[in-house]
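# A look at the structure
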Amino acid sequence: MCGIAGFTHVDGTFLPARIHQAVASIIHRGPDHQGVWQDPTISLGATRLGVIDIGAGAQPISSEDNDYTLIFNGEIYNHAELRRELERHGHTFRTSCDTEVVLRAFIHWDTACIEKLRGMFGFAIWCRARRRLVLARDRMGIKPLYYACRGRDLYFGSELKAIFCHPEISRSIDLNSLNTYLGLNYVAGSRTLAEGIVKLKPGHFLTWHDGEISSHRYWQVFPPNGAPPSLEDSVTQLDHLLTQSIKEHLAADVPVGVWLSGGIDSSTILHYASQHSATRLNTFSITFNGREFNEASSIREMASRYSTEHHELDLSPATVTPDSITDLAYYSDEPNADAGAVPVWHLSRLSAQKVTVALSGEGADELFGGYITYLADTYARRARLLPRSLRRLALQSAGRFRASNKKIGLDYKLQRFLHGTLLDERHSHVFWNGTFSPEQRRDLLLSQHHSHMLKLLATIPPSGDIRRFMAFDQAYFLPDNLLVKVDRMSMAHSLEVRPAFLDHRIVEFAATLPANYAIQGRTLKRLLRRLMKDKLPQNILAKKKQGLDIPVHDWLRGHLKPLLMDTLNQKTVEESGLLSWPYIQSILDQHMQRRANYGYHLWGMLMLFLWIRQWKIQPALDIQAFEESSTVSV
């Protein structure tokens, strides 16, 4: 696992020290080795965390004739079989690491090799003779890759930091992305909050040739075609696929552990990992002693059942300090309003003390239907049969409840649900996982830029079953929120996290399943529960999803309030030129007086303004120039 950075210098001045600055900015991603490679056209750099063939695998890595040079971030789980195939074609290898396999595969198959890679990756390969650069990203977007264009030059890196080190790249807010961020809690799709810096989309590769850029999709999930397999056949197939995936995800030349929450997803990973690990596994968990959402008893039951070497950290105000939040915001790279980043940060730090690799359960909810929001989508369809005036009255009545200090109290759930029934069903789906509604964003934002959000929502078919919402979450919520969060928090501590559910064979299999294999009645993740019914304790199977999160409403009224008020105040808000201070002041007052719970809203703005301050982000110079020339209706 590594971090990569690079840039061409066709138009710009060649500054040899610049690539060293870019690599230094992401050294946390790979403290074991750093290297650079430069010629008059391009500079490439990498920082490496050794996982396979630790003594070799230094990057950048070049072919013997120096025609091809590769920098690589990720893990290729089928590298051994690809190596054997390439050896049959006459290739010889100097190392046993997967990085060299990618290099040789590209030399042999060119961009067609990307489809052969099974794993998580973001890489760049330079062909000197053809003056061609290729960037590629894994199918599900597990590993990040950003880029920016200026004239004929291309700048890229595993994190925004590696691009921000170039002073010629402006640091201004993308106003369309800001609207999306405030609605979803993250920036979905290829855009970022930094104007002009974009993400290479999952399942895509990009080519640069003398300043000309083109992007190509090499993989996508297709909708089901034909009769679905029976439920029992699906159980058998999923068992086989999980066995294959987790065996591959355990491969490493360093210690491997499992992140354990006590829910069905991480417990499933632990079950299969225990069957195929040659050594006793380490498990790592976060607890919240004294809180109603503490899962310590389930966690300890699973650790005992599989005889793991178990490690826990209890999160409390004494642990989650303002200084730790500031550190977290720096390593987040691009703001993420998901307060679950806090426990993931501390879980990563705990894990890195014992292991270099950890398996996690990300992706199971999106693939197999695990979110309560999918039930809300179903219930809202029925609620909309009631007169709109009656739903408005119910929302007004629910708003009179005193705001609780629970992580997600009944008052919060009821108000969010009722508010969502007043929205178009595509807006309501993202509203339940997000924060500000379209009406609230109109009051909050000084300039209205909503075309990007509307284009995203337009990707959801206007009718159909729950699979259309699951597909949206797989396309955006998973790669642009959850996987970003896990990548940044883990790599900040030089820890590689492997989401075994996201083997692309499992993703393709899940796409063939009918909706009722995911959700039936009030049962979420029906197929996964059927698979694990004779493998896990019944109380684990029956548990309601808690989610790894913090009591953000409570903590922002308590020990994190000084940080919030210092960061989000009239001076900083007005200087940004982005948001309405009277509106923010209103929700601050309502939250602190417990007339409403705006903890998640305030957390997102806290992360935003910490990012603006850290990287000296500037508002758009001419807001009117960015006004929408057209709107997209949904």
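Residues numbered from 1 in each chain as written. Predicted model: local features only at pLDDT ≥ 70, side-chain atom pairs only at ≥ 80, totals over all residues. Heavy atoms only, no water.

When its secondary structure is counted, the protein chain shows 27 helices and 19 strands. Taking 634 residues into account, the globule formula puts the C-alpha radius of gyration at 26 Å, and the protein chain, at 24 Å, falls close to it. In terms of overall dimensions, the protein chain has C-alpha extents of about 75 × 60 × 50 Å along its principal axes. For the protein chain, with 634 residues in total, the buried portion stands at 62%. Per element, the accessible surface of the protein chain, about 23900 Å² overall, is 50% carbon and sulfur. (Helix = DSSP H or I, 4+ residues; strand = E, 2+ residues; numbered from the N terminus. Rg over C-alpha atoms; globule rule 2.2 N^0.38 Å. Buried < 20%, exposed > 50% of the residue type's maximum accessible area, 1.4 Å probe, protein only. Areas by Shrake-Rupley, 256 points an atom, 1.4 Å probe, with all protein chains shown as cover.)

Let us look at the environment of Pro 229. Within the secondary structure, Pro 229 sits in the loop between β12 (212–217) and α6 (231–249). Using a relative accessible area of 25% as the deciding quantity, one classes Pro 229 as partly exposed. It is 20 Å that separates the C-alpha atoms of Pro 229 and Asp 365, two residues lying 136 residues apart in sequence. In contact with Pro 229, not counting residues within four places along its chain, are Ser 234, Thr 512, Leu 513 and Tyr 517. (Contact = heavy atoms within 4.5 Å.)

What follows is about helix α12 (residues 372–383). With 12 residues, α12 extends 16 Å from end C-alpha to end C-alpha; this agrees with the ideal 16 Å at 1.5 Å per step. Turning to α12, its buried residues are Thr 373, Tyr 374, Leu 375, Ala 376, Asp 377, Ala 380 and Ala 383. (Expected span 1.5 Å × (residues − 1).)

On to the packing of aromatic side chains, then. Taken as a whole and judged by the stated rule, the model has 16 aromatic pairs. Residues Phe 121 and Phe 123 carry aromatic rings whose centres are separated by 5.8 Å and whose planes lie at 35 degrees to one another, so their mutual orientation is tilted. Phe 123 matches Phe 121 in its accessibility class, with the two residues each being buried. With 5.9 Å between their ring centres and 10 degrees between their planes, Phe 417 and Trp 432 make a pair best called stacked. Here Trp 432 lies in helix α15 (residues 425–433) and Phe 417 lies in helix α14 (residues 410–421), a separation of 15 residues in the sequence. Residue class for Trp 432 comes out buried when judged on its relative accessible area of 13%. The aromatic ring of Trp 109 is capped on one face by Lys 116, whose charged end is 4.6 Å from the ring centroid. Taking the ring centre of Phe 431 as reference, the NZ or CZ of Arg 416 above it sits at 3.7 Å. (Phe/Tyr/Trp six-rings, centres within 6.5 Å; stacked < 30°, edge-to-face > 60°. Lys NZ or Arg CZ within 6 Å of the ring centre and 35° of its normal.)

On to the sheet that holds strand β11 (residues 204–209). The sheet built from six strands is open, its strands ordered β4-β5-β6-β7-β11-β12 with antiparallel pairing. The outermost strands of the open sheet, each flanked by one partner alone, are β4 (61–62) and β12. Seen against the sheet, helix α3 (residues 98–109) touches β4, β5 (68–76), β6 (119–127) and β7 (132–137) and runs at an angle of roughly 125 degrees to β5. (Pairing = 2+ DSSP bridges. Axes fitted to C-alpha atoms, helices over the stretch in contact; angles between N-to-C directions.)

Here we come to the state of the cysteines. The full count for this structure, using the stated rule, is zero disulfides. Looking at Cys 165, it has no disulfide partner, and the nearest cysteine sulfur is the one in Cys 149, 16 Å off. (Disulfide = S-S within 2.5 Å.)

Attention now moves to a positive patch on the surface. Side chains of Lys 406, Lys 413, Arg 522 and Lys 544 sit close together on the surface and give a patch of like positive charge. Residue position: Lys 413 is located in helix α14. On the basis of relative accessible area, Lys 413 is assigned to the partly exposed category, the value being 46%. (Patch = residues over 30% accessible without salt bridge, like charges linked within 9 Å, V, L, I, M, F, W, Y side chains within 5 Å. Salt bridge = Lys/Arg side-chain N within 4 Å of Asp/Glu carboxyl O. Lys, Arg positive; Asp, Glu negative; His and termini not counted. Charge placed at Lys NZ, Arg CZ, Asp CG, Glu CD.)

Looking now at the nonpolar core. Counting 98 residues, the largest nonpolar core has Phe 121, Phe 123, Leu 238, Ile 246 and Phe 368 as the members making the most contacts within it. Ranked by residues supplied to this core, first place goes to helix α18 (residues 467–491) with eight residues. Those residues in contact with Phe 121, other than ones at most four positions away along the chain, are Phe 72, Asn 73, Gly 74, Ile 76, Ile 114, Ala 136, Arg 137, Asp 138, Lys 143 and Tyr 218. Residues Ile 19, Phe 293, Ala 358 and Val 552 belong to the second largest nonpolar core, which totals 83 residues. (Core = buried A, V, L, I, M, F, W, Y, C linked by side-chain atoms within 4.5 Å.)

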